[in-house]
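# Architecture at a glance
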Amino acid sequence: MKKESGTTLLTRSMLESAYGEDAEGVVGVIEAAFRSFATGDVIFPEKSSQVFDERTQSRINCMPATIRSAGLAGVKWVSVFPENPSRHGLPNVGGLMVLSEIKTGMPVAVMDAGYLTAIRTAAVDALAARFLAPEGASTLALVGTGEQARFHAKLLSGTLDTIGEIRVSGRTPEHAAALAGDLRADGLDAVSFGDAPPVGKGAVLPQGLQGVHNGDAALLTGGIGLPRGKDRRGQKHKAKQRRQKSRTELLDGFSFHDSSFPVDHWSQFTKKEGKGHW
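So, a few notes on the structure that sits alongside this text.

Conventions adopted
- Residues numbered from 1 in each chain as written.
- Predicted model: local features only at pLDDT ≥ 70, side-chain atom pairs only at ≥ 80, totals over all residues.
- Heavy atoms only, no water.
- Helix = DSSP H or I, 4+ residues; strand = E, 2+ residues; numbered from the N terminus.
- Contact = heavy atoms within 4.5 Å.
- Areas by Shrake-Rupley, 256 points an atom, 1.4 Å probe, with all protein chains shown as cover.
- Core = buried A, V, L, I, M, F, W, Y, C linked by side-chain atoms within 4.5 Å.
- Buried < 20%, exposed > 50% of the residue type's maximum accessible area, 1.4 Å probe, protein only.
- Polar contact = N/O pair within 3.5 Å; in protein donor to acceptor, adjacent residues only side chain to side chain.
- Expected span 1.5 Å × (residues − 1).
- Salt bridge = Lys/Arg side-chain N within 4 Å of Asp/Glu carboxyl O.
- Phe/Tyr/Trp six-rings, centres within 6.5 Å; stacked < 30°, edge-to-face > 60°.
- Axes fitted to C-alpha atoms, helices over the stretch in contact; angles between N-to-C directions.
- Left-handed = near helix turned anticlockwise from the far one by under 90°.
- Nonpolar A, V, L, I, M, F, W, Y, C, P; charged D, E, K, R; others polar.

Moving on, we get to the overall build of the chain. Broken down by element type, the chain carries nine helices and 13 strands. For the chain, contacts bridging at least 24 residues in sequence account for 61% of all contacts bridging at least 6. For the chain, the computed accessible surface area is about 15,100 Å², with 54% contributed by carbon and sulfur atoms.

Right, here's the structure in full:
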């Protein structure tokens, strides 16, 4: 008798319902995944990227992985088109994640990858901050005002009980003020720094930097958004010819020299060094 396979479609609203603002639960899942990777339980091929525009870095990434003990393999097909919001009124990140079981190879679920990307990235930084943040860190500094910043605010403040003030900086003062207002509406103590640097000694810096800041030292859990070389603003910023501050300008005065940079995937970090994006 032939069996019928069933594939579950999980929309963004379903994933939001499953998350339920459970920051500790999401961070716990991420920690378990890292531990599985450390024990060799994970198959983790290098991601494949198709870049369609060198100036904007508009691209689609294909990112597969398998957790053997869970009996599941997944692939994330995710697009990153930075100009979507301003030019088309669309999110800059979108895509799908397909999950299959590895006994027969049949697909079991298809999910909204945009939402998963936002919550997973923030959860990784929240986990890193739990181990690497300065003791008693009370300020969370967000550089950027998109969906990533929103999730970082919620997950880091929900993971580090010492976090009080959340400082928001963006490429425009209007964007920073809007996000700070939204976060205050969610019950968080957020203040807009406009397009000025939000950093200070003892601040946690997840967004844009994806890392932890203490004085002049940076401990990175992901990648650093600053290009190497003499021109810290980078060619991409020059090409935009906008009167908006880039994230590198927002972080002028923050020293990365002679700092320690633990990263989550060293070979990918070093391979892309010098290209102005990580």
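Membership of the largest hydrophobic core comes to 35 residues, with the highest contact counts inside it found for Leu 142, Phe 151, Leu 155, Ile 166, Val 168 and Leu 183. Elements with a minimum of two residues in this core: helix H1 (12-19), helix H2 (23-38), strand S7 (107-112), helix H4 (113-132), strand S8 (139-143), helix H5 (147-159), strand S9 (165-169) and helix H6 (173-185). With nine residues, the top contributor of residues to this core is H4. In this structure, Leu 183 is in contact with Leu 142, Arg 150, Ala 153, Ile 166, Val 168, Leu 188 and Ala 190, ignoring residues within four places of it in sequence.

On to the side chain of Thr 159, then. Here Thr 159 shows up in helix H5. Classification of Thr 159 as buried rests on a relative accessible area of 11%. A polar side-chain atom of Thr 159 sits 2.6 Å from the main-chain carbonyl oxygen of Leu 155. Every residue in contact with Thr 159, bar those within four places of it in the chain, is listed here: Ala 23, Glu 24, Val 27, Ala 126 and Arg 130.

Spanning 13 residues, H5 covers 18 Å between terminal C-alpha atoms, matching the ideal 18 Å at 1.5 Å per step. When we look at burial in H5, the residues that qualify are Gln 148, Ala 149, Phe 151, His 152, Ala 153, Leu 155, Leu 156, Ser 157 and Thr 159.

This model, assessed by the stated rule, comprises eleven salt bridges. One salt bridge connects Asp 186 with Lys 154, and the closest N-O pair in it is separated by 3.7 Å. Of this pair, Asp 186 sits in the loop between H6 and strand S10 (190-192) while Lys 154 sits in helix H5, placing them 32 residues apart in sequence. By relative accessible area, Lys 154 is classed as partly exposed at 23%. Residue Glu 165 pairs with Arg 167 through a salt bridge whose shortest N-O separation is 2.8 Å. Residue class for Glu 165 comes out partly exposed when judged on its relative accessible area of 28%.

A few words now on unusual backbone geometry. Phi is positive for Glu 21, which is not a glycine, with a value near 60°. We note that Gln 57 has phi near 60°; this positive angle belongs to a residue other than glycine.

With respect to the element layout, Ile 166 can be found in strand S9. Sequence spacing of Ile 166 and Ala 141 is 25 residues, and the spatial spacing of their C-alpha atoms is 5.9 Å. Those residues in contact with Ile 166 that lie beyond four places of it in its chain are Leu 140, Leu 142, Ala 153, Ser 157, Leu 183, Leu 188, Asp 189, Ala 190 and Val 191.

Moving on, we get to the environment of Leu 15. With respect to the helices and strands, the residue Leu 15 is situated in helix H1. By relative accessible area, Leu 15 is classed as buried at 11%. A sequence separation of 100 residues divides Leu 15 from Tyr 115, and the C-alpha atoms of the two residues are 7.7 Å apart. Among residues more than four places away in sequence, those in contact with Leu 15 are Leu 10, Met 111, Asp 112, Tyr 115 and Leu 116.

The terminal C-alpha atoms of H6 lie 18 Å apart, and with 13 residues this matches the ideal 18 Å at 1.5 Å per residue to within 8%. Once H6 ends, the next one or two residues include Gly 187, with phi positive near 90°.

Summed over the entire model, instances satisfying the criterion amount to three aromatic pairs. Each ring, one from Phe 37 and one from Phe 44, has its centre 5.7 Å from the other, and the planes form 80°; the classification is edge-to-face. Look at Phe 44 and you get partly exposed, because its relative accessible area is 42%. Each ring, one from Phe 52 and one from Phe 81, has its centre 6.1 Å from the other, and the planes form 35°; the classification is tilted. Here Phe 81 lies in the loop between strand S5 (72-80) and helix H3 (84-88) and Phe 52 lies in strand S3 (residues 48-53), a separation of 29 residues in the sequence.

So, about the packing of H5 against H6. In the contact formed by H5 and H6, the axes pass within 11 Å of each other and the chain directions differ by 35°. Here H5 and H6 pass one another in a crossing that is right-handed. Between H5, through Ala 149, Arg 150 and Ala 153, and H6, the contact on the second element is made entirely by Leu 179, Asp 182 and Leu 183. Looking at the contact of H5 with H6 residue by residue, the classes come out as four nonpolar, no polar and two charged.

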